[in-house]
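# Observations on chain architecture
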Amino acid sequence: MKKSYMQGRCFYIFLISIFFALLKFNVYAQEQKEGQAPAKTEQASSVPVTTTEAPKAEAQASPAAPAVEKVEINQAAIVKTIPSYNLTLKQLIEEAQKRIKQADDEIKQEETLSRNKEREAKFREHFDLGNSLYAEGRLKEAKAEWAKALEFTKDPEMQNYVRKAEEIARKEEQAKRDKELAEKKRLEQERREQDKILAEQKRQEELARQEQARIEKQKQLELKKEQEAQARQEAEAKRQAELAQKEAERKAKEEELRLEKEHQQQELAAKKVEQEKLRQEELAKKEQARLEKQKQLELKKQQEAQAKLELEQKRQQELAQKEAEQKARDEQARLEKEKKQQELAAKKAEQEKLKQERIAKKAAEKKAKEEAAQIKKQQAEKVRLEAEKELQREKFQQEELRRLENERKQQDLAAKKAEAEKKRQEELAKKEQARLEKQKQLELKKQQEAQAKLELEQKRQQELAQKEAEQKAQEEKARLEKEKKQQELAAKKAEQEKLKQERIAKKAAEKKAKEEKARLEKEQREKAKAEKSEQEENNQE
């Protein structure tokens, strides 16, 4: 009520200020342009709006906004709300009086409404108190309170308020029913949409499960292929190792047989040399006996030379035997070393080693043939040159030395060839190892790429699942908020329904109170009438 009064007062002050502004403007216009009417405003003007006239603008403005702001108002609004400047003073006074009357009417309406609300509050207070007393069994006091409550509704101002309240209640009831129907339709629509969303979620989950099963199956197939390939590689490596071991054992046996055969040939050659030596000595003794008579001095010299030659020959033989033994040991050590090297290279160079062995075997046979031919040649040379025994023996020694040198050279050449072959086999083995390593790296790279693709796919699936989960969480959050709002709305509706029921109960109580009052009055009248008739009868008696 106070607020409405203040608003009316502010509006009144605003009209008076406009009135004085118009007076000043008219005086100024008459002084400047006599005989000319003031120009009509054709464009939008800026009018200062105070906080009392623009409460909505003040509500929308920020706390730091000024109290007065300029608002663009068109000509139609100015003509509608504020008298134009071309009105006369009398018209302005009439307009001001009209506005004051209008403000007074509004103030009266506000005061009436305030009084009716006070009456309603007091009515409710007495009515509730009557209900409480009635519940306690204090009927007379309850009746008195209800009667007091009805007194507040007898005022003429209250009748119109009650009608308007009833009309507002009917409109609210109709709006409530419409709202409930709309809410029911909305909930049904939301339920259908929720069912669609749930069906879509189930479909997406089923697709995700199928995709996960497909990826898992593909991963298992790739793992199975890798295991089979690895098993094949291990089996092949094992088979190659067994073949290499068997081949090495076979070569070792052949080498042992070859060495034994060479040793036997060497022993046979030594026996032949010894026999040839004995035969030559016998021949020399016979020749010496035959020439003993003719050349005793020469024989003596010859015997001395023979003794020297025999000593030298024996020394040479011992040296040759030692060299042969040393050679055999060296050959044995070389063969053992070569055997080890061949065992190391046997896994990758089986055919090449077989070829090398054939070459070595042919070289050994050639060497044996050369030795046999050399022995035959030496024997023929000794027979043919009996007279030049010393020269023949020297030549034999030289030939023997050359033969030993040739054998050594051939052995060195064979060792170089074996070394070169060994290096070549090692290079081949290294190349093969590099190729296998490269192939293994390529396979590993492919596996890593496949693993990376699989991880990316899994990551993508996880991101999709996470997004879906976030979306579901957001939807769940929105649903919960919606449900919360619905619950709040339902609570408000329940509160309104409760208030409505209370109003209905109050009306029913009022009606019941009226009926009870009428009944009591009727009983009182009947009682009074009975008492009166009884009193009359008593008087007659």
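Throughout this document, residue positions are counted from 1 along each chain, in the order its sequence is written. In view of the model being predicted, local features appear only for residues whose pLDDT reaches at least 70, and side-chain atom pairs are presented and counted only at 80 or more, with totals across whole chains, interfaces and linings using the full set of residues. Values shown for side chains rest on all heavy atoms present in the structure; no hydrogens or waters enter the calculation.

### Re helix α5 (residues 139-151)
The end-to-end C-alpha distance of α5, which contains 13 residues, comes to 18 Å, matching closely the 18 Å that a straight helix rising 1.5 Å per residue would cover. A simple rule labels every residue: compare its accessible area, found with a 1.4 Å probe on the protein chains alone, to the largest value its type can have, and call it buried under 20%, exposed over 50%, or partly exposed in between. Only DSSP runs of H or I reaching four residues or more are called helices, and only runs of E reaching two or more are called strands; each is numbered from the N terminus. Buried within α5 are the following residues: A142, E145, W146, A149 and L150. Projection of α5 onto a plane perpendicular to its axis shows the buried side chains occupying an angular sector of 140 degrees, all on one side. Throughout, a residue-residue contact means that at least one pair of heavy atoms, one from each residue, lies within 4.5 Å. Residues of α5 that are buried in the fold lie against α4 (89-136) and α9 (389-540). Helix span is expected to be 1.5 Å times the residue number reduced by one. Throughout, the arc means the angular range of directions from the helix axis out to the C-beta atoms.

### As for the packing of aromatic side chains
Pairs were defined over the aromatic rings of Phe, Tyr and Trp, the Trp ring being its six-membered one, requiring ring centres within 6.5 Å. Orientation was assigned from the angle between planes: stacked under 30 degrees, edge-to-face over 60, tilted for the rest. Applying the stated criterion across every chain yields a total of 2 aromatic pairs. A centroid spacing of 6.0 Å and a plane angle of 15 degrees characterise the contact between F123 and F127, whose relative ring orientation is stacked. Of the two residues, F123 and F127 both sit in helix α4, 4 residues apart, roughly one turn of that helix. The interplanar angle of 40 degrees and the centroid separation of 5.5 Å between the aromatic rings of Y134 and W146 together place this pair among those described as tilted. Taken as a pair, Y134 in helix α4 and W146 in helix α5 lie far apart in primary sequence, 12 residues in all.

### Side note on the pattern of salt bridges
Counted as salt bridges are all cases of a side-chain nitrogen of Lys or Arg within 4 Å of a carboxyl oxygen of Asp or Glu. A full pass over the atoms with the stated rule returns 49 salt bridges. Between R138 and E136 there is a salt bridge; the shortest N-O distance is 3.1 Å. Relative accessible area serves as the criterion here: at 38%, R138 is assigned to the partly exposed category. E136 gets classed as exposed once you look at its relative accessible area, which sits at 53%. A salt bridge links E173 to K500; the shortest N-O distance between them is 1.7 Å. With a gap of 327 residues between them, E173 in helix α6 (residues 156-290) and K500 in helix α9 connect regions that are remote in the sequence. In the salt-bridge network here, residues are joined through shared partners; they are K327, E371, E400, R403 and E407.

### Examining a negative patch on the surface
Negative charge collects at one region of the surface, where D104, D105, E106 and E110 lie side by side. By relative accessible area, E110 is classed as partly exposed at 32%. Patches were defined on residues exceeding 30% relative accessible area and lacking a salt bridge, with like-charge contacts within 9 Å and nonpolar side-chain contacts (Val, Leu, Ile, Met, Phe, Trp, Tyr) within 5 Å. Residue-level accessible areas treat just the shown protein chains as cover; the underlying method is Shrake-Rupley with a 1.4 Å probe. None of His or the chain ends enter the tally, which takes Lys and Arg as positive and Asp and Glu as negative. A charged residue contributes its charge at one atom only: NZ of Lys, CZ of Arg, CG of Asp or CD of Glu.

### Description of the packing of α6 against α9
Taken N-terminus to C-terminus, the directions of α6 and α9 make an angle of 170 degrees; their axes are 10 Å apart at the nearest point. The angle between α6 and α9 falls in the class roughly antiparallel. A fitted line through C-alpha atoms serves as each axis, taken over the contacting stretch for helices, and the angle formed by two N-to-C directions is quoted from 0 to 180°. Note on terminology: angles under 35 degrees are roughly parallel, angles over 145 are roughly antiparallel, angles of 65 to 115 are roughly perpendicular, and the others are oblique.

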